[in-house]
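The residues making up each chain are set out below.
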Amino acid sequence: MRSSITFKLFLAILATCIVVAIAMGAAVRYSFDSGFDDYIRERESQRLENLAQALAADYLEAGGWGFLSESGDRWERSLRVSRYRRDTRASHRDREGGPPPGPPSRVTLLDAEGGWLAGPRVRGESGLTRHPVTVEGRPVGWLLSPPPRAVAVNDEIDRRFQARQLRATWVIVGLSALLAAVVSLLLARLLLVPVRRIARATRRLADGDFDIRVRVGAPDELGRLARDFNRLAHSLARNARLRRELMADVSHELRTPLAVLRGEIEALQDGLRTPDEAALASLAHEIGRLNRLVDDLRELSLADAGALDYRMRPLDLSALAARALDAVQDRYARAGLLLERDIEPGLRLSGDERRLEQLLANLLENSLRYTDAPGRVRLAAGRRGAGIVLEIADTAPGVAPGQLPRLFDRLYRGESSRSRLHGGSGLGLAICRSIVQAHGGEISASPSGQGGLAIRIEWPLANSRAADAASDFPAMDKE
C-alpha cells in the first residue's frame, strides 16, 4: 500500500491541502489580530475623546478643575458619562441604584502643567497615551491611558472574545484537514481508476490476449494513453496475424517446389522419366524458384531490420527509368504487351542507383506477369506539385478494391486474378515498399484508368532539391 500510486497521490494531495489550510488559518489569525488591534485602538481613542469632552464641559461650567475636589464622585460620573467603564457589573449596579464603584485604575487626569488631578498616580509617562482636554482651543489638561492593547488584555470580555476566535480558527483548520483527507482519498481513487484499468489490460496484453481493449474516457492525458494502448493492441494483433500468415505462406511456397522436385527425382529414380535435357531444365526451374524465394525473404528481413545498405548519391531518375524500360522491352514484346513511356527529362533524385533499379525491375516484372495479352503497360514520371511522381499502370485484369491495401503485405497476392500460376514469390511489392520508404517516398496502389492496376510512387521535393544541391559535390555512401 505504501508503494502504490494511490497512497502517494493521496499523501501529495492531503499534504497540499493541510499546508494550505494551516497557511489560511495563520493568515486569518494574523488578519484578525491586526484588525482587532485597530478596533481596540479606535475604541479607546473614541472613549478618551468622549471623556475629554465631558471633562471640558465640566471645566467650562466650573471655571476650572475645582469641581473635582468639591465633589468626590464627579470623576466617576464623568467616566460613566463617557462610558469608559470596563466593569459591566459595576455599571449594572449603577443603573440599579446600587453603591457607586471605586474609581477606575487605568486613566489619569493631569492639569495643563502636568500636575495630578484624578485617577491612578503614575511616576512616568513612558508607554502611556496622552490625549488633550481642550477648552476654547487651548489644552487645560491631559488624559493618560495605557496602550490600547494593554487595556484589551486586561478586559475580561476582550480576552474571552480573543480566546473564542482562536479556538474557532484552529477548529476550522482541523475540520478542513479532515475534509481534505476524505477528498484526497476519493480523488486519488477516482483519478487512478483509468490507470488500473490500463494496467490490467497491459498484463493481459503481455499474456498474449491481443484482442483486449480499454474504454477511452475523457479527452485528457489518460484518455490519450487509452487510445494509444488500443492502437498498440491493434498493431500487435495485426502483426501476430501477419506472422501466422507469413509462416503459412512461406511453408506453402517452399512446399510447392519441393514437392515438384521430389516428384521429378522419384520419377527419374523409378525410370518413369529419362534424365534428358527437359527433366534437368524442370529441376533447374524449381531450384531457381527456391533460390529466388530464399533471396527475397532474406532481403525483406534485412529491409525490415534496417540492415540493407544504401549508397545515396545524386542521380538522374529519367535516365534510370529509361534504362529499365529498355531492359524489358523485348520480353514485353514477346508477351504481346505494348510498353509505353512518358518520362520528363532531367528528374534529379538522391538515392541508391542499384536499389532504384531493383524497384523499377520489380514493378515492371509484376506488370509483365499479371497483365493479359494483348495489353498495355505505361510508365510515367514527372514533377507534380511539391515532388516527383512515378506511376506504372497496366490493363486488365485488375485488383478488387478490398485487396488494394494488402498488396504490399508479404506473400500476399490477389488469388482471383494474379494467382501463383504466373510465378513469383509474392514478396516483390513488399520489397518495393521498403526501398521507397528508405528513399523518403510513399508508394500506393489504385485501379488504373485502363482496367488494371496502377502503382504510384511519390518523392518529396526535398529529395529532389537535395540531389540538385549535391550534384556538384562528391557522393557519400550511407549505410
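Residues numbered from 1 in each chain as written. Predicted model: local features only at pLDDT ≥ 70, side-chain atom pairs only at ≥ 80, totals over all residues. Heavy atoms only, no water.

Where an unreviewed UniProt entry is consulted, the chain appears under the name histidine kinase, with the organism given as Castellaniella ginsengisoli. On record in UniProt, under Subcellular location (unreviewed entry), the comment for the chain is "Cell inner membrane". For the record of the chain, the UniProt heading Catalytic activity (unreviewed entry) holds the text "ATP + protein L-histidine = ADP + protein N-phospho-L-histidine." (UniProt positions renumbered as here; feature names shortened; annotations may be inferred.)

On to helix α9 (residues 317-334), then. Given a rise of 1.5 Å per residue, 18 residues ought to cover 26 Å, and the 27 Å separating the end C-alpha atoms of α9 matches this to within 8%. Within α9, the axis deviates most sharply at Val328, by approximately 45°. Among the residues of α9, Leu317, Ser318, Leu320, Ala321, Ala324, Leu325, Val328 and Tyr332 are the ones counted as buried. A side-chain oxygen of the first residue of α9 lies 3.0 Å from the backbone nitrogen of Ser318; this N-cap is Asp316. Directly beyond the C-terminal end of α9, a positive phi value near 80° is found at Gly336. (Helix = DSSP H or I, 4+ residues; strand = E, 2+ residues; numbered from the N terminus. Expected span 1.5 Å × (residues − 1). Bend = angle between axes of the 7 residues up to and from the residue. Buried < 20%, exposed > 50% of the residue type's maximum accessible area, 1.4 Å probe, protein only. Polar contact = N/O pair within 3.5 Å; in protein donor to acceptor, adjacent residues only side chain to side chain.)

Interhelical geometry of helix α10 (residues 353-370) versus helix α11 (residues 428-438) gives an angle of 145° and a closest axis separation of 9 Å. Here the hand of the crossing between α10 and α11 comes out left-handed. Taken together, the residues of α11 that come into contact with α10 (itself represented by Arg355, Gln358, Leu359, Asn362 and Leu363) are Gly428, Leu429, Ile431, Cys432, Ile435 and Val436. Looking at the contact of α10 with α11, its residues break down into seven nonpolar, three polar and one charged. (Axes fitted to C-alpha atoms, helices over the stretch in contact; angles between N-to-C directions. Left-handed = near helix turned anticlockwise from the far one by under 90°. Contact = heavy atoms within 4.5 Å. Nonpolar A, V, L, I, M, F, W, Y, C, P; charged D, E, K, R; others polar.)

So, about the pattern of salt bridges. Inspection of the entire model under this criterion finds 14 salt bridges. The salt bridge partner of Arg341 is Asp326, with a shortest N-O separation of 3.1 Å. On the criterion of sequence distance, the pair formed by Arg341 in strand β6 (residues 337-343) and Asp326 in helix α9 is long-range, its members being 15 residues apart. Classification of Arg341 as partly exposed rests on a relative accessible area of 39%. (Salt bridge = Lys/Arg side-chain N within 4 Å of Asp/Glu carboxyl O.)

Once that is clear, we can look at the sheet that holds β6. What holds strands together in a sheet is hydrogen bonding between their backbones, with the strands either parallel or antiparallel. Reading across from one edge, β6-β8-β9-β11-β10 is the order of the five strands in this open sheet, with mixed pairing throughout. The strands lining the two open edges of the sheet, one partner per strand, are β6 and β10 (442-447). Across this sheet, the average inter-strand angle for adjacent strands is 15°, counted without regard to direction. The pairing of β10 with strand β11 (residues 451-460) spans six bridges and is classified as antiparallel. Bridged to Ser446 within β11 is Ala454. The strands that α9 touches are β6, β8 (375-384), β9 (387-395) and β11; relative to β6, the one it contacts most, it runs at about 170°. (Pairing = 2+ DSSP bridges.)

Quick look at the UniProt feature "transmembrane region" (unreviewed entry) in the chain now. Under the feature "transmembrane region" (unreviewed entry), the UniProt entry names residues 170-195. Strand forms 0% of residues 170-195 and helix 100%; the C-alpha atoms that close the span are 37 Å apart.

For the rest of this paragraph, the subject is the packing of aromatic side chains. Two numbers describe a pair of aromatic rings. These are the distance of the centres and the angle of the planes. Counted according to the given criterion, the structure contains one aromatic pair. Here the aromatic rings of Tyr59 and Trp65 are separated by 4.9 Å at their centres, their planes lie at 55°, and the arrangement is tilted. Side by side, Tyr59 and Trp65 carry an identical accessibility label, which is buried. (Phe/Tyr/Trp six-rings, centres within 6.5 Å; stacked < 30°, edge-to-face > 60°.)

Cis peptide bonds are those with omega within 30 degrees of zero, and the linkage from Ala373 to Pro374 qualifies with -5°. As for its placement among the helices and strands, Pro374 is situated in the loop between α10 and β8. For the bond running from Ala396 to Pro397, omega is 5°, close enough to zero to count as cis. Inspection of the secondary structure puts Pro397 in the loop between β9 and α11. Of note in this structure, Glu136 is not a glycine but carries a positive phi near 55°. Note on Glu136: relative accessible area 71%, which makes it exposed.

The four strands are arranged β2-β1-β4-β3 in an open sheet whose pairing can be described as antiparallel. Among the strands making up the open sheet, the edge pair consists of β2 (116-118) and β3 (129-135). When strand polarity is set aside, the average angle formed by the axes of neighbouring strands in this sheet is 35°. In terms of strand pairing, strand β1 (residues 108-111) meets strand β4 (residues 138-145) through four bridges, oriented antiparallel. Among the inter-strand pairings, Leu110 is bridged to a residue of β4, identified as Trp142.

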